[in-house]
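Geometric and topological summary
Residues per chain, in single letters:
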Amino acid sequence: MRLLLLADPSEDKVRSYLPRSKCFVASCGGVVVGACVVQPLGAAAYELMSIAIQPAHQKSGYGAALLQWVIDFFRKSGASQIEVGTGTFGYQLAFYQRQGFRVTAIDHDFFVKNYPEPIFEDGIQLFDMLRLTLRYTGSVA
Ligand SMILES: CC(C)(COP(=O)(O)OP(=O)(O)OC[C@H]1O[C@@H](n2cnc3c(N)ncnc32)[C@H](O)[C@@H]1OP(=O)(O)O)[C@@H](O)C(=O)NCCC(=O)NCCS
């Protein structure tokens, strides 16, 4: 949970989607260094709800490796697409787009409407959520 709260500050929200989700972990020398949670949306579509790497292990390639592994897992499972919601600025945007995610929608005021406290990153308040989608080419769905 400590790891997942790095990506989503609301423990209630995390607990709400965990029971229907798959959770993947990245480990190094038997120690868990990262986690990624993906929930089904129906019709071969999935949503990446959370991905986080322990702060001491960030910027070492674990996040990209875990995301790539999860993308490949769902490709092999016959998925048609994976979505993710993220803020409108910050390195996370490049992190997802580097793996093939494209911006497909904007959810205006998402972070204001869905969280009791304002959320800041790099000193800037988060208001809107960008929806990004990775569509698997060659999928039948
Ligand atoms: C997002 C996250 C999972 C990426 O994992 P990671 O292991 O740190 O990322 P990687 O080492 O694989 O690096 C991927 C790229 O992101 C960049 N990056 C990672 N953390 C960064 C940071 N804090 N600031 C700037 N760039 C960063 C890396 O430099 C790298 O870019 P490069 O290939 O051009 O060098 C991780 O930083 C994290 O847990 N962040 C906090 C939780 C979070 O924001 N989750 C996503 C919610 S939308």
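Relevant structure appears above.
These numbers come from a predicted model, not from an experiment. (Residues numbered from 1 in each chain as written. Predicted model: local features only at pLDDT ≥ 70, side-chain atom pairs only at ≥ 80, totals over all residues.)

As for the overall build of the protein chain
The line we're drawing: Secondary structure elements follow DSSP: runs of H or I no shorter than four residues count as helices, runs of E no shorter than two count as strands, and numbering proceeds from the N terminus. C-alpha atoms define the radius of gyration, and 2.2 Å times the number of residues to the power 0.38 defines the globule rule. We call two residues in contact if the C-beta atoms placed from their backbones are at most 7 Å apart.
Within the protein chain, the secondary structure is distributed over 4 helices and 8 strands. In sequence order, the protein chain lays out its α and β elements as α-β-β-β-α-β-α-β-α-β-β-β. On C-alpha atoms alone, the protein chain measures out to a radius of gyration of 15 Å, which is about the 14 Å that the 2.2 N^0.38 rule sets for 141 residues. Of the contacts made within the protein chain by residues no fewer than 6 positions apart, 57% connect residues no fewer than 24 positions apart.

Side note on the site of the ligand
Using the following cut-off: In this entry, near means the residue's backbone-placed C-beta atom lies within 6 Å of the molecule or strand. Think of it as three bins: nonpolar holds Ala, Val, Leu, Ile, Met, Phe, Trp, Tyr, Cys and Pro, charged holds Asp, Glu, Lys and Arg, and polar takes everything else, Gly as well.
Near the ligand you find 16 residues, and of these Ala 7, Gln 58, Gly 63, Ala 64 and Tyr 91 are the closest. Listed by contribution, the elements that provide at least two residues to the shell around the ligand are β3 (45-53), α2 (62-76) and α3 (91-97). Among the residues forming the shell around the ligand, the class breakdown is 9 nonpolar, 6 polar and 1 charged.

Quick notes on the nonpolar core
Heads up, the condition is: Put simply, a nonpolar core is buried Ala, Val, Leu, Ile, Met, Phe, Trp, Tyr and Cys residues tied into one set by C-beta atoms within 7 Å. Here exposure depends only on C-beta density: within 10 Å of a residue's C-beta, 20 or more other C-beta atoms make it buried, 12 or fewer make it exposed, and intermediate numbers make it partly exposed, the C-beta atoms being placed from the backbone.
Counting residues in each nonpolar core, the largest one holds 27 residues, and the members touching the most others are Cys 36, Val 38, Leu 48 and Ile 82. Contributions of two or more residues to this core are made by β2 (31-42), β3, α2, β4 (81-87) and β8 (129-135). Element by element, the count of residues in this core is highest for β3, at 6 residues. Those residues in contact with Cys 36, other than ones at most four positions away along the chain, are Phe 24, Leu 48, Ser 50, Ile 51, Leu 66, Leu 67 and Val 70.

Focus on the pairing of strand β1 (residues 22-28)
To keep it simple, the criterion reads: Note on pairing: DSSP must find at least two bridges between two strands before they are called paired.
Across 7 bridges, β1 lies against β2 in antiparallel orientation. Bridge pairing in β2 places Phe 24 opposite Cys 36. Linkage of β1 to β2, two consecutive antiparallel strands, is achieved through a turn of 2 residues, within which Gly 29 is found at a positive phi near 60°.

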